[in-house]
Amino acid sequence: QVQLVESGGGLVQAGGSLRLSCAASGGTFSSYAMGWFRQAPGKEREFVAAFSWRGGIRYADSVKGRFTISRDNAKNTVSLQMNSLKPEDTAVYYCAARDDNTILVFTAAGEYDYWGQGTQVTVSS
């Protein structure tokens, strides 16, 4: 069983930056596809960014050029660097993992097996 714990959320002004981290334990981290999702009040959980097992990366159009996903297999962590933040980025951000050793990058929440508890990101205008 994989456990995921997010950290790094907080309150930031528009145009600012935050770095989210997700620490994984209980599994073979290097064999997992990893992703970040977010959910704003009253909205469905949406895809933000993801890694395939083989290192392929995809971003949601809304964050492309502003957010960067990275992973450190030696430390069992995946991070999300968020720059030029906008009020519409306000949401609870979730880390997700899928036991998968293909080249595919998964962008649907239902494709992931494990989830963290989420970390709140609030961007003020």
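Coordinates for the structure precede this section.
The shown structure was predicted, so the numbers you read here are calculated from the model rather than taken from an experiment. (Residues numbered from 1 in each chain as written. Predicted model: local features only at pLDDT ≥ 70, side-chain atom pairs only at ≥ 80, totals over all residues. Heavy atoms only, no water.)

**Things to note about the pattern of salt bridges**
In step 1: One pass over the structure, following the stated rule, counts five salt bridges.
In step 2: For R98, the salt bridge is made with D100, and the minimal N-O distance between the two is 3.4 Å.
In step 3: Taking relative accessible area as the criterion, R98 reaches 22% and is therefore assigned partly exposed.
In step 4: Each of the salt bridges in this network shares a partner with another, and the network as a whole consists of R38, E46, R66 and D89. (Salt bridge = Lys/Arg side-chain N within 4 Å of Asp/Glu carboxyl O. Buried < 20%, exposed > 50% of the residue type's maximum accessible area, 1.4 Å probe, protein only.)

**A word on the nonpolar core**
In step 1: Residues L4, M34, W36, V78, L80, M82 and Y93 are the most contacted members of the largest nonpolar core, which totals 38 residues.
In step 2: Listing elements by their share of this core, those giving two or more residues are β3 (18-25), β4 (32-39), β5 (46-51), β7 (67-72), β8 (77-82), β9 (91-99) and β11 (119-124).
In step 3: Setting aside its immediate chain neighbours within four residues, M34 contacts L4, C22, F29, A50, F51, I69, R71, V78, C95, A96, A97 and Y112. (Core = buried A, V, L, I, M, F, W, Y, C linked by side-chain atoms within 4.5 Å. Helix = DSSP H or I, 4+ residues; strand = E, 2+ residues; numbered from the N terminus. Contact = heavy atoms within 4.5 Å.)

**Some words on unusual backbone geometry**
In step 1: A positive phi angle, close to 55°, is found at N76, a residue other than glycine.
In step 2: For N76, the location among the structural elements is in the loop between β7 and β8.
In step 3: In this structure, S84 is a non-glycine residue whose phi angle is positive, near 50°.
In step 4: Summarising the element assignment, S84 is placed in the loop between β8 and β9.

**Comments concerning the state of the cysteines**
Working definition of a disulfide: a covalent bond connecting the sulfur atoms of two cysteines.
In step 1: Enumeration over the complete set of coordinates arrives at one disulfide.
In step 2: With a sulfur-sulfur separation of 2.1 Å, C22 is cross-linked through a disulfide to C95. An S-S torsion of about -75° defines the bridge between C22 and C95 as left-handed. In this pair, C22 sits in strand β3 while C95 sits in strand β9, placing the two residues 73 residues apart along the sequence.
In step 3: C22 sits in the buried class, given a relative accessible area of 0%.
In step 4: Residue C95 is classed as buried on the basis of its relative accessible area, which comes to 0%. (Disulfide = S-S within 2.5 Å.)

**As for the pairing of β3**
In step 1: Along β3, the buried face is formed by L18, L20, C22 and A24; none of R19, S21, A23 and S25, which line the opposite face, is buried.
In step 2: Note that β3 and β8 share six bridges and pair antiparallel. Pairing of A23 across the sheet is with T77, part of β8. (Pairing = 2+ DSSP bridges.)

**Topic: the packing of aromatic side chains**
In step 1: Overall, the coordinates contain seven aromatic pairs when judged by the stated rule.
In step 2: Residues F106 and Y112 carry aromatic rings whose centres are separated by 6.5 Å and whose planes lie at 85° to one another, so their mutual orientation is edge-to-face. Per residue, the accessibility class of F106 equals that of Y112, and both read buried.
In step 3: Each residue in the set F37, F47, Y94, F106, Y112 and W115 is aromatic and connected to the rest through ring pairs, giving one cluster.
In step 4: Here the basic side chain of R98 rests over the ring of F106, its NZ or CZ set 4.1 Å away from the ring centre. (Phe/Tyr/Trp six-rings, centres within 6.5 Å; stacked < 30°, edge-to-face > 60°. Lys NZ or Arg CZ within 6 Å of the ring centre and 35° of its normal.)

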